[in-house]
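Each chain, written out:
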Amino acid sequence: MKFNEELGLYQNHGRYFEDFEVGDRFRTASKTLYEADIVNFIGVAGIHEELYTNVEYAESKTLFKRRFAPGPLTFVLAEGLAIQSLLFEKTGMALLETNVRFVNPLFLGDTFYVDMEVTGKRETSKPDRGILKFVHHVEKTDGTRVAVITKTRMVRTRPAESRS
């Protein structure tokens, strides 16, 4: 990971397979869940269920008595934050597998981030790629865990001409 003196930040931009080690941790930027996030997702996904489209229903007849994100939206937003971290910029090849466990709802107005940890790493039979396993903890800024997502990603290895 390179330190950018001008910005005073470590840059994660486009890490190769060799740049990851089991135990490495990364934290994404934070995001607040807005009404527009829910409305746009429902429209695109076709999840026109009163649970998400009717405020009165959400406040009177749901388990949580307030608006919350559909589980798949929570997953998609968390994946977006992971991608925006730029760890896989031009090095990510494929998201191979995911497993999501939702442990708390993400409510309208909640701010959250993703804590990512590398939990596994293996080479493949093809020299241009490797497989990484991650656990992503989706956390609200108040410390409440929202979801635990395990992921398997295929990532490019460092080009042969630049290996030392």
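Just so you know, these numbers come straight off a predicted model, no measurement behind them.

K.L.:
So, the nonpolar core: which residues are in play, and what are the values?
P.N.:
Formed by 32 residues in total, the largest nonpolar core has its most connected members in Phe 20, Leu 33, Leu 73 and Val 138. Per element, the largest residue contribution to this core is six residues, and it comes from helix H4 (residues 71-84). In contact with Phe 20, other than residues within four places in its own chain, are Arg 15, Phe 26, Leu 87, Phe 88, Val 118, Lys 121, Leu 132 and Phe 134.

K.L.:
Tell me about the packing of aromatic side chains, and name the residues and values.
P.N.:
This model, assessed by the stated rule, comprises seven aromatic pairs. Plain terms: the ring middles of Phe 64 and Phe 68 are 5.1 Å apart, the flat faces sit at 80° to each other, and that makes the pair edge-to-face. Owing to a relative accessible area of 32%, Phe 64 belongs among the partly exposed residues under this scheme. Overall, the relative accessible area of 11% leaves Phe 68 in the buried class. Three or more aromatic residues link up through ring pairs in this structure, and these residues are Phe 20, Phe 26, Phe 88 and Phe 134. Positioned over the ring face of Phe 20 is Arg 15, at 4.8 Å from the centre of the ring. The cationic tip of Arg 66 hangs over the ring face of Phe 107; the distance from NZ or CZ to the ring centre is 3.9 Å.

K.L.:
Residue-level account of unusual backbone geometry, with values.
P.N.:
One non-glycine residue, Lys 65, lies in the positive phi region at around 60°. Assignment of secondary structure puts Lys 65 in the loop between helix H3 (55-61) and H4. Relative accessible area serves as the criterion here: at 45%, Lys 65 is assigned to the partly exposed category. Unusually for a residue other than glycine, Lys 90 sits at a positive phi of about 65°. Checked against the element boundaries, Lys 90 lands in the loop between H4 and strand S5 (92-102). Owing to a relative accessible area of 71%, Lys 90 belongs among the exposed residues under this scheme.

Cut-offs used in this document
Residues numbered from 1 in each chain as written. Predicted model: local features only at pLDDT ≥ 70, side-chain atom pairs only at ≥ 80, totals over all residues. Heavy atoms only, no water. Core = buried A, V, L, I, M, F, W, Y, C linked by side-chain atoms within 4.5 Å. Buried < 20%, exposed > 50% of the residue type's maximum accessible area, 1.4 Å probe, protein only. Helix = DSSP H or I, 4+ residues; strand = E, 2+ residues; numbered from the N terminus. Contact = heavy atoms within 4.5 Å. Phe/Tyr/Trp six-rings, centres within 6.5 Å; stacked < 30°, edge-to-face > 60°. Lys NZ or Arg CZ within 6 Å of the ring centre and 35° of its normal.

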